[in-house]
Structure formats: C-alpha cells, structure tokens
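Now for the letters of each chain:
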Amino acid sequence: MRIANNNGRAVLLTKSGPIDVNEASAGEFGPGPVAVLERWAEFRAWVDAEHAGTGSMSEADQAAWLGTVSELGAPSPRPRQVFAVGLNYRGHIAEAGMDLPGQPLVFTKYASCIVGGDQTTELPRGGVDWEVELAVVIGSHAYRIDEDQAWAVVAGLTVGQDLSERTLQHSGPAPQFGLGKSFPGFGPTGPVLVTPDELPDPNDLAIGCSINGEVVQQDRTGGMVFGVAALVSWLSQIVPLYPGDLIFTGTPSGVGATRTPPRFLEVGDELVSWIEGVGSIRSKFVGPRYAGPALV
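Conventions used here
- Residues numbered from 1 in each chain as written.
- Predicted model: local features only at pLDDT ≥ 70, side-chain atom pairs only at ≥ 80, totals over all residues.
- Heavy atoms only, no water.
- Core = buried A, V, L, I, M, F, W, Y, C linked by side-chain atoms within 4.5 Å.
- Buried < 20%, exposed > 50% of the residue type's maximum accessible area, 1.4 Å probe, protein only.
- Helix = DSSP H or I, 4+ residues; strand = E, 2+ residues; numbered from the N terminus.
- Contact = heavy atoms within 4.5 Å.
- Salt bridge = Lys/Arg side-chain N within 4 Å of Asp/Glu carboxyl O.
- 1 Å grid on protein atoms, 1.4 Å probe; cavity = no way out; pocket = protein on both sides within 12 Å on 5 of 7 lines; lining within 4 Å.
- Points joined across faces, edges and corners; volume = space filled by probe spheres on them.
- Nonpolar A, V, L, I, M, F, W, Y, C, P; charged D, E, K, R; others polar.
- Pairing = 2+ DSSP bridges.
- Axes fitted to C-alpha atoms, helices over the stretch in contact; angles between N-to-C directions.

**Student:** Go over the nonpolar core, please, and point to the residues and values.
**Tutor:** The nonpolar side chains of soluble globular proteins are, as a tendency, buried together. Core analysis: the largest hydrophobic core is formed by 80 residues, its most contacted members being Val 21, Trp 40, Phe 43, Trp 65, Val 232, Ile 247 and Leu 265. A total of 6 residues in this core trace back to one element, the largest contributor, which is helix 8 (residues 228-236).

This is the structure in structure tokens:
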C-alpha cells in the first residue's frame, strides 16, 4: 500500500490510479493522513475489504503522478513525537571517528520542522549539512513491546532528511542537537508512506542522496547497527509510541561536516534523497530572510 498527502488529503495510490480516501470511504476516514494514521488498523481492514484487488501503483507511475501534485505534504504531517538516531551506520561512525555504540543514541527533532518531500528551505546562518535517512511512521500505540512485535506497529516507511545546522548543534557547554536540527523545513519527509509488505526486504534498501546531481551519500539500510525492529522496540521500553510518530533511523557516511575541508549546503543547491522502493524527495535552498541569532 502506498499513501500520499496531496494538499492535505490522504490519497491511496493504486494500479488503477489515485483514490481519495475520504471520498472513497464516504467520509469514514480522512480527509487528512493524520485521521488515517489514528485509525490505522481499521483503515487497513477497509483497504483489504474494498480495494484488495486493485494493487499498488508502481514506483515509476507514482513518480509520474507526483509530478502533477500541487502541494506534496508529509506522510505524517503532525507527529506527536519525532525521534532521531545518531551513529547508526558503520561507515558514518568511522568517518566521525567514534566507537560503535552499545545502544541506540537518540535525540529529538521538533515536530515544527516536518515538511513534505518537495520543498524550498531557507538556509540559516552557520553550516547546514545533509543526512539522508530511512524514516519510520508508527501506526499503533506501542509500549514495552518485544523486537519480534515491532514491525507490526509500523504503518510504513518514507524518505527523510535530518538537515543539521552544525554550528548551533555543537555550540555551548552541551550539544544543541534538538535546536540545530529543527529549523523550519529541516525535516523533509516523503514522497509517500509505503507499507513494509510492498518491499522485497524492508530491512535492506538502497539509500542515498545527491547535491546538484553529485552523489554524496550511498549505502544500504541493512548496514544499520540497530535495525528498524530493534529501534522501535528499544524506544518503546522507555516511552509510549503513538500513531504518526516518526523515527529517523540514522544516516550513512558521506555527510559534509566530516569532509576535508567541511562542505555545507549553499544557496541555490538542490538536494535529492532516495530510498529503493519508496521514492525520492527534493529540497531547494534559498538565502535567509533575516540574519538570525549569532551562533557560537
């Protein structure tokens, strides 16, 4: 199953074309993706009963249809919680000069930074870095679940970018991860939500991103130290997970901050991020409308 957020409306992408969920269900669901995620089990049952034979739109047809969409929103536009995981790919750990973590290293992004997959984002002062990530969308309440139960509470997967302003992130007596990674537009996600059963192996997907056509990150999600199930289970031991929550699962090697010399995004750059079987998202960068605070 593939679901898009088209101008605030949940749309089921089938082989026969896009279906507006609210209209097709005669108002039982929707109109937006939040309402669908809040009743995910019921929604899946409705799809199985009413549209079981339609099949899902191919990734190529999905890309063509998305080109006609006027406003592509985030698959989960108003998550209650946004978790992000650091140092979760061996290559990224090596380029950062860090040791392999014994447990997931978790920080949060503020929900106000979450946007859709085709965005223009203002660059604040400082150095803004790219971090392509597999983002997990939670589909049901989960608390203290075992790892073998974890995929059952996942609604789907999407492409994410954990954009990071490194000056603020590393300023002060203690790191400012949450603020440095939560400027407006610093959490693009999309282009759609894809349920795990759509993918040959949801634990091992090609992932990467490019800047102005130059590939800067490329790996497979199978290279994560802690996979999706491990992360969902581990987080649930500490906090309840809710429908629509997002988990950014970490980034591969190739970020700008660890390069010699460091490289950061510039005005006019176009960042394209992709995950096999899910699709691609695009961010364009413009200059700030205001200088912003001095970052030290």
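**Student:** So what's going on with the side chain of His 51? Which residues, and what values?
**Tutor:** Its place among the elements puts His 51 in the loop between helix 3 (40-50) and helix 4 (59-66). In this structure, His 51 is in contact with Leu 12, Ile 19, Ala 24 and Trp 46, ignoring residues within four places of it in sequence.

**Student:** With reference to specific residues and values, describe the pattern of salt bridges.
**Tutor:** With the rule as written, the count across this model stands at 15 salt bridges. A salt bridge links Lys 109 to Asp 162; its shortest N-O distance comes to 2.7 Å. Of this pair, Lys 109 sits in the loop between strand 6 (105-108) and strand 7 (114-115) while Asp 162 sits in the loop between strand 11 (154-161) and strand 12 (164-165), placing them 53 residues apart in sequence. The class of Asp 162 is buried, set by a relative accessible area of 0%.

**Student:** Mind laying out the layout of surface pockets, listing which residues take part and the relevant values?
**Tutor:** Of the pockets and cavities examined, the largest pocket occupies roughly 370 Å³. As for the largest pocket, its lining consists of 21 residues, of which Leu 87, His 92, Arg 166, Gln 169 and Phe 177 are closest to the centre. Broken down by secondary-structure element, the contributors of at least two residues to the lining of the largest pocket are strand 5 (82-86), strand 6 and helix 6 (166-169). With 3 residues, the single largest contributor to the lining of the largest pocket is strand 6. For the lining of the largest pocket, a count of residues per class yields 10 nonpolar, 7 polar and 4 charged. Volume-wise, the second largest pocket comes out at about 300 Å³. Surrounding the second largest pocket, 17 residues form its lining, Ala 63, Leu 66, Leu 72, Pro 191 and Ser 280 being those nearest its centre. If you list the elements that add at least two residues to the lining of the second largest pocket, you get helix 4 and strand 18 (279-286).

**Student:** Can you break down the sheet that holds strand 18 residue by residue, with the values?
**Tutor:** On the basis of which strands lie adjacent, the open sheet formed by 5 strands has the order 8-18-17-14-15 and mixed pairing. Every interior strand has two partners, whereas the edge strands, strand 8 (118-122) and strand 15 (214-220), have only one. On average, each strand axis in the sheet is inclined to that of its neighbour by 15°, with strand direction left out of account. Relative to strand 17 (residues 270-275), strand 14 (residues 206-211) runs antiparallel, the two sharing 5 bridges. Pairing of Cys 209 across the sheet is with Ser 273, part of strand 17.

**Student:** Residue-level account of unusual backbone geometry, with values.
**Tutor:** Cis geometry is found at the peptide bond from Gly 30 to Pro 31, where omega equals 10°. With respect to the helices and strands, Pro 31 occurs in the loop between helix 1 (21-24) and helix 2 (33-38). In this chain, Thr 260 is followed by Pro 261 through a cis amide linkage whose omega measures -5°. Tracing the chain through its elements places Pro 261 in the loop between strand 16 (246-248) and strand 17. Despite not being glycine, Asn 7 has its phi angle at roughly 55°, a positive value. As for its position among the elements, Asn 7 is in the loop between strand 1 (2-6) and strand 2 (9-14). On the basis of relative accessibility, which here comes to 47%, the residue Asn 7 falls in the partly exposed class. A positive phi angle is found at Arg 144, which is not glycine, with a value near 55°. Its location among the elements puts Arg 144 in the loop between strand 10 (132-138) and strand 11.

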